[in-house]
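Working through the structure, step by step
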Amino acid sequence: FSRVLEIENESIEDLTWDKEHQAFYITTTKGVTDVLYHYDINSEKLEKMSIPVDTIDQLHVAKSGNLYLLGTRATQPANIYKMTSDQEWEQLTENRVLGVAEEEMVDPEIVSYKSFDGMEIEALLFRAKPEYDNGHTIFWPHGGPQAAERKFFRSMFQCFLNRGYTIFAPNFRGSTGYGSEFFKMVEQDWGHGPRLDCVAGIEWLFANKITNREKLFLVGGSYGGYMALLLHGRHPEYFKAVVDIFGPSDLFTFVNSVPEHWKPVMERWLGDPERDKERFIKDSPVTYLDDMTKPMLVIQGAKDPRVVKEESDQIVEKLREKGRDVEYLVLEDEGHGFSKKENEIKVYQLMLDFLEKHQGE
């Protein structure tokens, strides 16, 4: 016979079998954090376990029966923990940020707001500590799009927080961790619903006096870079300056430039450029070049197979032809992301310099 175990409003990410105790450990995602359950096969009892982290990278049951967990918090990089005999977690590693105490870093608030259609959107609000606060805020649309901003350790965030920037990261429709219906809402709707979720988040920031139009920067990478470009083109009045990190700029060229094994995904994600021509035009950032008036920094990996260099080349070229203020950094030895620590440091410093330069404008 079979049994059906249901956990509502959470996404099951992993099942780990404990043969010794005839039990499953079930890892789920619930919004911005992970949850760990113990499920006893014989008693059919499901118990939620306490965990020492916010996100779980890996769970392992050793032959000895010991349970090990690898996970992170927003203020701590990945560490390994062991479950003790008295059901407590013992930290086995001391992976941390050298020279920076965990107390100096920022643990985000989990907030929510109503979007344009009444849908509830969850977000992370990282408030700069008062002793560092420079009064400016970064709006960060995450990548994916079917991913989410979560309470894991992100060195870029802690770096910017240390320099005084508050950061707001919404999990707009299409984000993971909120159920399959929410997850699918971005499919064939890259530029409408998610964009308006972002706009509602910005208005929430203004209404709650966290920031204003004179002190808001826009930064995003990958799909977040696309969203940064689109928000810049359609809502430039909100931002002081914009940073686009390898974001698609034209859906027509993007859909034809991705790796071959991505092509089936493109049909589901974006649709067909001929059949859906009007929507492709409406949702492509290049459609709104005339309104991209704010200073921009564009960053691109020359070897990026997902968002090819031409996606950034064309937006930079077209904006420079219009006399716009656009800085452009191409990393010749990088793909989709920063695999080399020296490049990561270089990019963060360039971004900080760019934001600081435009604070007073």
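Residues numbered from 1 in each chain as written. Predicted model: local features only at pLDDT ≥ 70, side-chain atom pairs only at ≥ 80, totals over all residues. Heavy atoms only, no water.

**Observations concerning the overall build of the protein chain**
A count of helices and strands for the protein chain gives 9 helices and 16 strands. Relative to its length of 361 residues, the protein chain is compact, with a C-alpha radius of gyration of 22 Å against a globular reference of 21 Å. Counting only C-alpha atoms, the protein chain reaches 70 × 50 × 45 Å along its principal axes. With 361 residues in all, the protein chain has 52% of them scored as buried. Restricting the contact set of the protein chain to residue pairs at least 6 apart, pairs at least 24 apart contribute 62%. Accessible surface computed for the protein chain: about 16700 Å², of which carbon and sulfur atoms make up 48%. Charge-centre separation for the protein chain: the mean point of 42 positive side chains lies 2 Å from the mean point of 62 negative side chains. (Helix = DSSP H or I, 4+ residues; strand = E, 2+ residues; numbered from the N terminus. Rg over C-alpha atoms; globule rule 2.2 N^0.38 Å. Buried < 20%, exposed > 50% of the residue type's maximum accessible area, 1.4 Å probe, protein only. Contact = heavy atoms within 4.5 Å. Areas by Shrake-Rupley, 256 points an atom, 1.4 Å probe, with all protein chains shown as cover. Lys, Arg positive; Asp, Glu negative; His and termini not counted. Charge placed at Lys NZ, Arg CZ, Asp CG, Glu CD.)

**A closer look at the side chain of serine 284**
Relative to the helices and strands, serine 284 resides in the loop between helix H7 (277-282) and strand E15 (296-301). A distance of 2.6 Å separates a polar side-chain atom of serine 284 from the backbone oxygen of phenylalanine 280. Ignoring any residue separated from it by four or fewer positions in sequence, one finds serine 284 in contact with Leu230, Ser249, Asp250, Leu251 and Phe252. (Polar contact = N/O pair within 3.5 Å; in protein donor to acceptor, adjacent residues only side chain to side chain.)

**Section: the pattern of salt bridges**
Inspection of every chain in the model, using the stated rule, returns 21 salt bridges. A salt bridge links lysine 282 to aspartate 283; the shortest N-O distance between them is 3.5 Å. Of the charged contacts in the structure, one is a salt bridge between aspartate 313 and lysine 309, with a shortest N-O distance of 2.9 Å. On the criterion of helical spacing, the pair formed by aspartate 313 and lysine 309 is a turn pair, its members being 4 residues apart in helix H8 (residues 309-321). (Salt bridge = Lys/Arg side-chain N within 4 Å of Asp/Glu carboxyl O.)

**Considerations on the sheet that holds strand E5 (residues 55-61)**
Sheet architecture is open: 4 strands sit in the order E5-E6-E7-E8, paired in antiparallel fashion. Both edges of this open sheet fall to E5 and strand E8 (89-91), since each of them pairs with a single strand only. Looking at each pair of strands side by side, their axes are set apart by 30 degrees on average, direction ignored. Bridge analysis of E5 against strand E6 (residues 67-73) gives 6 bridges, and the strand direction is antiparallel. Each bridged residue has a counterpart across the sheet, and for glutamine 58 the counterpart in E6 is leucine 70. (Pairing = 2+ DSSP bridges. Axes fitted to C-alpha atoms, helices over the stretch in contact; angles between N-to-C directions.)

**What to know about the packing of aromatic side chains**
Counted according to the given criterion, the structure contains 20 aromatic pairs. Judged by centre distance (5.3 Å) and plane angle (55 degrees), the ring pair of phenylalanine 252 and phenylalanine 280 falls under tilted. Here phenylalanine 252 is found in helix H5 (residues 251-257), whereas its partner phenylalanine 280 is found in helix H7, with 28 residues between them in sequence. Classification of phenylalanine 252 by relative accessible area gives partly exposed; the value is 25%. Under the relative-accessibility criterion, phenylalanine 280 is labelled buried at 0%. Aromatic ring contacts, followed pair by pair, group Phe172, Trp190, Tyr223, Tyr226, Phe254, Trp262 and Trp269 into a single cluster. The ring of phenylalanine 157 has arginine 154 lying over it, and the distance from NZ or CZ to the ring centre is 5.1 Å. (Phe/Tyr/Trp six-rings, centres within 6.5 Å; stacked < 30°, edge-to-face > 60°. Lys NZ or Arg CZ within 6 Å of the ring centre and 35° of its normal.)

**Focus on H8**
Taking 1.5 Å per residue, 13 residues should reach 18 Å; H8 reaches 18 Å between its end C-alpha atoms and fits that length. Backbone geometry just downstream of H8 places glycine 323 in the positive-phi region, at approximately 80 degrees. (Expected span 1.5 Å × (residues − 1).)

**Details of the nonpolar core**
Core analysis: the biggest nonpolar cluster contains 51 residues, and Phe139, Phe168, Trp190, Trp204, Leu231, Leu270 and Ile315 have the highest contact counts within it. Each residue touching leucine 231, except ones within four places of it in the same chain, is listed here: Phe139, Arg195, Cys198, Val199, Leu218, Pro236 and Phe239. Counting residues in each nonpolar core, the second largest holds 30 residues, with Ile138, Phe157, Ile167 and Ala241 among its members. (Core = buried A, V, L, I, M, F, W, Y, C linked by side-chain atoms within 4.5 Å.)

**Details of the pairing of E6**
Hairpin geometry of E5 and E6 is characterised by an intervening segment of 5 residues between the two adjacent antiparallel strands and by a positive phi of about 95 degrees at glycine 65. Once E6 ends, the chain turns through 2 residues before running back antiparallel as strand E7 (residues 76-83).

**What about the pairing of strand E14 (residues 242-245)?**
The two faces of the sheet receive side chains in turn, since in a regular strand these alternate between them. What you see with E14 is no split at all: Val242 and Asp244 on one side and Val243 and Ile245 on the other are buried throughout. Of the crossover connections in this fold, the one passing from strand E13 (residues 216-221) over helix H4 (residues 223-234) to the parallel E14 is right-handed. (Right-handed = clockwise from strand over helix to strand, strands pointing away.)

**Considering the environment of lysine 277**
Within the secondary structure, lysine 277 sits in helix H7. Here the alpha-carbon distance between lysine 277 and leucine 251, two residues 26 residues apart in the chain, equals 9.8 Å. Other than its neighbours up to four places away in sequence, lysine 277 contacts Phe252 and Asp272.

**A short note on the packing of helix H1 (residues 155-162) against helix H9 (residues 341-357)**
Contact pair H1 / H9: the axes reach a minimum separation of 11 Å and the direction vectors enclose 35 degrees. When the axes of H1 and H9 are compared, the crossing they make is right-handed. Counted together, Ser155, Met156, Cys159 and Phe160 of H1 and Glu344, Tyr348, Met351, Leu352 and Leu355 of H9 form the full contact between these two elements. When the residues that make up the contact of H1 with H9 are grouped by side-chain class, the tally is 7 nonpolar, 1 polar and 1 charged. (Left-handed = near helix turned anticlockwise from the far one by under 90°. Nonpolar A, V, L, I, M, F, W, Y, C, P; charged D, E, K, R; others polar.)

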